[in-house]
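# Structure at a glance
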Amino acid sequence: MEAMVIGGGVAGPVAAIALRRIGWDVTVHEAYADPAGDVGSFVSLGANGLRALDAIGCRDAVAARGTALPLLRLRSGRGKLLGEAARGRVTLMRGRLVETLRDLALESGARLVTGRRLTGVGPGRTAVFADGGTATADLIVGADGIHSRLRTVIDPDAPVAHYAGLWTVGGRSAHRVEPGAFTITFGARATMVCAPTTAGTLWAAQVPSATPPTGAVDHDALAALFARDHGPAAALVRDTEQWHPRTVMQALPGGVPRWHRDRMVVLGDAAHPMGAGQGANLAVEDAVVLARCLRDTSGLDAALARYEQLRRPRTDQMLKVAGANRDAKVAGPFTARARDLLMPFLFRRFADKGGAWMHDYDVEWNTVPATPSPSP
Ligand SMILES: Cc1cc2nc3c(=O)[nH]c(=O)nc-3n(C[C@H](O)[C@H](O)[C@H](O)COP(=O)(O)OP(=O)(O)OC[C@H]3O[C@@H](n4cnc5c(N)ncnc54)[C@H](O)[C@@H]3O)c2cc1C
């Protein structure tokens, strides 16, 4: 069987590796050549994403490129500790993650064509690319991100992502912070996420704004947003050695109604744009579960239906959490006070048992299906 994967970000290379593990021929078509290296935002992989990578033998290579941060810590801008949990994460630059996953995909025997953008799909599942080239396969996997082209091929009425009231900018700072903790500080006017990594102190400011920002980021104005907050936020901004580009957060709160049609399927942000937090983790999970369904379910259409059936409840639940997280970051002064009062209680509950559904999820790669069936 042959798969064509559109998009060589996070979900694409993982899907390629997982599909190679079940014996498929795979070609990944990626619009851009450069995975961005050290430029771009950082991502943090939680226990669930790391477990999914482990299932297909990729965890160690990814972990080696990042920094393990054993603690997750939440603070208010007034200096109050809102919560702390031993939630091990590996943090690394998104570009490094993509680079590593692409190398692993190539090692697994997948092909990768870069500089190739999907523009449409014609009869007979013929993918058409911006360079005029075409290709066909038994299955087209859309791992083409938040503005997915394959999503609208599958469903021309699919909703589009829109501005979510938050923008983010970050960088690598010379300012040193306590090692070992991934810290989120809900400040009076913006949120600061900070990760002390082997590559330096990485930070990202998340700034609420009713309209998307225009023009260059004013570094002094950004530092001033944190001036009244306790903690290192303002110093992190002031001592920045390398700036990462601004990203405008997008969301699609109602989700994507249709994930597959005629042996075309979407996964990762193409299926459920999540924003910062768990998006990369879910993209990895999706890719492994998709390959597992193709391995264990008789018939391609049935396998795609099974994939959606397994993944939809989890991604819907995570979309709700992502929405609540965004709301907590765009809170006005009154809601912010309520958040700071309630968060310690809610976080304790989440850290104990409430968050198990998120972090303990298993892609069940090694589970033998109840009624083994041949590959489609
Ligand atoms: C600032 C920021 C911080 C984040 N932090 C975290 C975090 O800490 N933890 C976490 O889990 N998630 C985080 N996320 C979310 C995470 O980055 C995404 O959810 C994840 O990258 C989704 O993976 P994906 O493969 O579905 O899409 P992407 O990573 O966006 O990859 C899509 C790929 O498809 C390519 N492509 C697009 N269109 C086409 C086309 N037509 N033809 C060919 N190729 C195409 C793109 O070039 C890209 O390489 C963060 C997001 C942002 C914006």
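The coordinates are above.
Note that the structure is a prediction, hence the values are computed from the model and not measured. (Residues numbered from 1 in each chain as written. Predicted model: local features only at pLDDT ≥ 70, side-chain atom pairs only at ≥ 80, totals over all residues. Heavy atoms only, no water.)

Our next topic: empty space enclosed by the protein. This structure, assessed with the given rule, holds two cavities of 30 Å³ or more. Ser44, Leu45, Gly46, Leu72, Arg87, Gly88, Arg89, Gly277, Gln278, Asn281 and His359 together form the lining of the largest cavity. Tallied by class, the residues present in the lining of the largest cavity amount to two nonpolar, seven polar and two charged. Empty space within the second largest cavity amounts to approximately 40 Å³. Along the walls of the second largest cavity sit Pro13, Val28, Arg102, Ala105, Leu106, Ala110, Arg111 and Leu112, which together make up its complete lining. (1 Å grid on protein atoms, 1.4 Å probe; cavity = no way out; pocket = protein on both sides within 12 Å on 5 of 7 lines; lining within 4 Å. Points joined across faces, edges and corners; volume = space filled by probe spheres on them. Nonpolar A, V, L, I, M, F, W, Y, C, P; charged D, E, K, R; others polar.)

Our next topic: the site of the ligand. The environment of the ligand is made up of 33 residues, and the closest members are Ala11, Glu30, Arg94, Asp269 and Ala280. The backbone of alanine 31 places a nitrogen or oxygen atom 3.1 Å from a nitrogen atom of the ligand. One of the backbone N or O atoms of serine 44 is found 2.9 Å from an oxygen atom in the ligand. Counting only elements with at least two residues in the shell around the ligand, the list comes to strand S2 (25-30), strand S3 (42-45) and helix H8 (279-296). Looking at which element gives the most residues to the shell around the ligand, the answer is H8, with four residues. (Near = heavy atom within 4 Å. Polar contact = N/O pair within 3.5 Å; in protein donor to acceptor, adjacent residues only side chain to side chain. Helix = DSSP H or I, 4+ residues; strand = E, 2+ residues; numbered from the N terminus.)

A few words on the pairing of strand S10 (residues 126-129). Of the two faces of S10, the one lined by Ala127 and Phe129 is fully buried and the one lined by Thr126 and Val128 carries no buried residue. If you look at the hairpin formed by strand S9 (residues 118-122) and S10, you'll find three residues sitting between the two strands, and glycine 124 has a positive phi there, around 70°. Bridge analysis of S10 against strand S11 (residues 134-136) gives three bridges, and the strand direction is antiparallel. Bridge pairing in S11 links alanine 127 to alanine 135. In this antiparallel pair of consecutive strands, S10 and S11, the connection spans four residues, and glycine 132 shows a positive phi of 90°. (Buried < 20%, exposed > 50% of the residue type's maximum accessible area, 1.4 Å probe, protein only. Pairing = 2+ DSSP bridges.)

Attention shifts here to the nonpolar core. Core analysis: the biggest nonpolar cluster contains 72 residues, and Trp24, Leu267 and Leu294 have the highest contact counts within it. If one sorts the elements of this core by residue count, H8 sits on top with ten residues. Among the nonpolar cores identified, the runner-up in size contains 18 residues, and Tyr163, Val169, Met192 and Trp203 belong to it. (Core = buried A, V, L, I, M, F, W, Y, C linked by side-chain atoms within 4.5 Å.)

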